[in-house]
Amino acid sequence: MKKNLVLMVICALCLIGGNACRKDLGNYEYRELKTMDIQGFEQVYEALSGQPFHVDPKLDFMKEGGFNEDDFNYEWFSFDENMKIDDGNLKKQLGMQRILDLNLPLTPSTYSLYFRVKDKVTGYVREFKTKLNVRSEIADGWMILNEIRNESRLDMLAYNAKDSKFLQYTDLLSTMSTIKLKGKPRMVYFVYNRDVFNYQFTNRIYVGTDQETYSINNQQRTWNNFRNLKVEVMRPTSDDYHAEVIRSMGMGGFPMTYLLDSDGILSIENSTQGFMHGMTLNRFVDGGRISISPYIAEKYRTITPYLLMFDTEKRRFLVHSGGNKGVIQPVSTDVNVFDPADLKKDLRYMGFVNSGTPQFYAILKEPQQDNFSLLRFVSPSDTKLTPIAYEAIPNAIHLKDAEQITFDPNYGFIMYSIGSKVYQYDPFNKLEKILLDMGNRKISLIKFQKLLQVQNLARYIDYSKKLMICTYDPAAPDNSGKMELYEISLTAAPKLFQQYEGFGKIVDATYRE
C-alpha cells in the first residue's frame, strides 16, 4: 500500500513537471485567438455559378495589437446543404488565401461557406461561417466547343436579359459537372425533346468528341444530370461510340431527333411514336444497311419527321419520313431534269434552306472531276421530289477548295470559306465574290444557326439570319479564338453585329434556346 502511494506521488510530480517543460518548449509566447474579429464577411452571399466571386474579409485582434497576415494559414470551403451524405463531394475547397477570388465552381444550390484561419505557431484555428446561395442564368445562349491542345472545352455565352448582354462562361464541364471529355472535339448540339426513359420534356445538350458523346439534361439549368449517349442507344455499341451528326426538327410538343453515329447507323428518337435511337433507318425494310453521306438534310419546323439522305455507293437520294422503319426511294416529278434514284454524281454538300420558298440544296460533283452542279428542289410528298433548278456551277468558282460550306437562309446564297477568306456564290446570277477577308486569322467554322422552338421571338429571328464566322490565330490557337456575327445584305458589305473573344479553336457552336 505504501509502495503504491509513493508511485502515485511520483507520477503526479512527473505530470506537473512535464506540463511545465512543454509550456516553455520553443521559447515563444503562447497566445489564443479568442479576440479575433472579422469585418467584410456578410451573413448571406448571392452568387452566379461559373462567374467571378470575390470576398475580402478584414481580420483584427481587438485586444492584442493588430493583425499580421503572414502569421496565419487560410482555407475557404463549402458544403452543399441539399446534398445527401452518401452523395460524396460534400466538401468543396475553394481557396487557400485570405482573399477569395475565383470563378465560382459550384452548381446552383444553397451552401454553407466556411473561412478558417490558423495560427502558424500555435495551431489554433478560428472558423467563420456564412450562407452562400448559388444560382445560374445559363438558360439561353451560345454553346461553344473549343479544341485546345487536342482536347475539348465547352464554353457558353449566356444571355443576360437584365442588360441584354451575354455573360461568358469558360469550361462549363470542368466547373459545373464531373464530365471529362476524352478525345478531339467534334460536335455540340441543343435539342428540346422528351426523355425516352420518363417521357418528361427536357432541354438537352449533346456534346461529343471522336471517342464519346454526352447527353446533358439542362432543363433545370444545371450540368450534373448527364449520361453517355450509349445509354440512349438500344443496341450494343463500341467503346469509342459517339455521334457524328445530330439533327432536331420538331417543335412544341412534337420533338424529333435524328442521329447518325460512328457505326454509320441513322436512327430517330421520337418518343410520341415510341422510337428510340438504335434501330437502323438507313436501309430498305427488307434489306441491309446503306452507306450514307454525313450531309443529311432535315425538313425542320414541322411536326412530321422528314430527312433527305444520299447513298454514297449508288449515288441516289433516299428519304425517311413519318413512322417508317426504313428509307423510301423518292421519284422525280420531272425525270427530264433529274432522277433521284440514279444521279450519277457524288455529293459535295447538302442542306435544307428555309428561305422564301423552303427547299433543298444539293451540291453535286462529277466523279474524278472538279465539275460542280447545284440542284434545288422541294418535296411535295414523302415519295416525290420536284426540281426547281439544276445548273452547272462555273469552273472558275473556288468551291472545289471550300473547307466550310453553309447556305444563306436570307437570300439563298452559298457561303464557303478557304483559309482566311469567306466567299459568296449567287446561284441565280452565277456570280462569286470574296465576302470577307479575315487577314492572318484562319477560319474554323462558318454557319447560320437554326432556331426551332421559339419562332416569334425577335431576338431569335435576328440571330438565325446572322452569318457566324469563327476564327483563330494559327500561332496561338489555344487562346485566340473569336466568334463574330455578321449582317448579310444584298448590296452592301457585311456588317459586324457582335463579336466575342477568349476562346480556343472553335470547332462547333449551337444555341441553347
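Residues numbered from 1 in each chain as written. Predicted model: local features only at pLDDT ≥ 70, side-chain atom pairs only at ≥ 80, totals over all residues. Heavy atoms only, no water.

1. Looking at the packing of aromatic side chains
And then number 1: Enumeration over the complete set of coordinates arrives at 33 aromatic pairs.
And then number 2: Ring centres of Tyr74 and Phe115 lie 6.2 Å apart, and the angle between their planes is 10°; this geometry places the pair in the stacked category. Taken together, the residues Tyr74 in strand β5 (residues 72–80) and Phe115 in strand β8 (residues 109–119) connect sequence positions 41 residues apart.
And then number 3: Exposure remark for Phe115: the relative accessible area of 0% places this residue in the buried category.
And then number 4: For Lys91, the ring lying beneath its charged end belongs to Phe77, and the centroid distance is 4.4 Å.
And then number 5: Lying across the ring of Tyr199, Arg194 places its NZ or CZ 4.0 Å from the centre. (Phe/Tyr/Trp six-rings, centres within 6.5 Å; stacked < 30°, edge-to-face > 60°. Helix = DSSP H or I, 4+ residues; strand = E, 2+ residues; numbered from the N terminus. Buried < 20%, exposed > 50% of the residue type's maximum accessible area, 1.4 Å probe, protein only. Lys NZ or Arg CZ within 6 Å of the ring centre and 35° of its normal.)

2. Here's the deal with the nonpolar core
And then number 1: Core analysis: the biggest nonpolar cluster contains 35 residues, and Leu266, Leu308, Met309, Phe317, Met350 and Phe377 have the highest contact counts within it.
And then number 2: At the level of secondary structure, the elements contributing two or more residues to this core comprise β18 (257–261), β19 (266–269), β21 (306–311), β22 (316–321), β24 (346–353), β25 (359–365) and β26 (372–381).
And then number 3: The greatest single-element share of this core, amounting to 5 residues, is contributed by β21.
And then number 4: Filtering out sequence-adjacent residues up to four positions away, Phe377 remains in contact with Leu308, Phe317, Gln359, Phe360, Ala362, Leu385, Thr386, Pro387 and Ile388.
And then number 5: Counting residues in hydrophobic clusters, the runner-up holds 24 residues, among them Ile38, Phe53, Leu104 and Val117. (Core = buried A, V, L, I, M, F, W, Y, C linked by side-chain atoms within 4.5 Å. Contact = heavy atoms within 4.5 Å.)

3. With respect to a nonpolar patch on the surface
And then number 1: Where nonpolar side chains cluster on the molecular surface, the patch consists of Phe197, Val231 and Met234 and spans about 280 Å² of accessible area.
And then number 2: Among the secondary structure elements, Met234 is positioned in the loop between β16 (226–228) and β17 (243–248). (Patch = residues over 30% accessible without salt bridge, like charges linked within 9 Å, V, L, I, M, F, W, Y side chains within 5 Å. Areas by Shrake-Rupley, 256 points an atom, 1.4 Å probe, with all protein chains shown as cover. Salt bridge = Lys/Arg side-chain N within 4 Å of Asp/Glu carboxyl O.)

4. Notes on the pairing of β18
And then number 1: The element β18 is largely enclosed, with a buried count of 5 among its 5 residues.
And then number 2: Two elements, β17 and β18, share 5 bridges in a ladder whose sense is antiparallel. What sits directly across from Ile246, in β18, is Leu259.
And then number 3: Of the pairings in the sheet, the one linking β18 to β19 comprises 4 bridges and is antiparallel in character. Across the sheet, Thr257 pairs through a bridge with Glu269, a residue of β19.
And then number 4: Count of turn residues in the β18/β19 antiparallel hairpin: 4 residues, of which Gly264 carries a positive phi of about 80°. (Pairing = 2+ DSSP bridges.)

5. Quick notes on the pairing of strand β34 (residues 481–487)
And then number 1: Most of β34 is tucked away, with 6 of its 7 residues classed as buried.
And then number 2: Across 7 bridges, the pairing between β34 and strand β35 (residues 495–503) is antiparallel. For Met483, the partnering residue across the bridge sits in β35 and is Tyr500.

6. Considerations on the sheet that holds strand β9 (residues 125–135)
And then number 1: Here we have 5 strands laid out as an open sheet, ordered β2-β9-β8-β5-β6, and mixed in their pairing. Each end of this open sheet is capped by a strand with a single partner; those strands are β2 (44–48) and β6 (91–95). Within the sheet, the average angular offset between the axes of one strand and its neighbour, ignoring direction, is 30°.
And then number 2: Direction of pairing for β5 relative to β8: antiparallel, over a ladder of 9 bridges. (Axes fitted to C-alpha atoms, helices over the stretch in contact; angles between N-to-C directions.)

7. Digging into the pattern of salt bridges
And then number 1: Applying the stated criterion across every chain, the model contains 28 salt bridges.
And then number 2: Of the charged contacts, one joins Asp195 and Arg204 as a salt bridge, the two residues approaching to 3.1 Å between their closest N and O atoms.
And then number 3: Using a relative accessible area of 5% as the deciding quantity, one classes Asp195 as buried.
And then number 4: For Arg204, a relative accessible area of 2% translates into the label buried.
And then number 5: The partner of Lys344 in a salt bridge is Asp342, with the nearest N and O atoms 2.5 Å apart.

8. Looking at unusual backbone geometry
And then number 1: A positive phi angle is found at Arg149, which is not glycine, with a value near 55°.
And then number 2: Here Arg149 shows up in the loop between β10 (141–148) and β11 (151–160).
And then number 3: When its relative accessible area of 63% is taken as the criterion, Arg149 is described as exposed.
And then number 4: Even without being glycine, Ser164 reaches a positive phi, approximately 55°.

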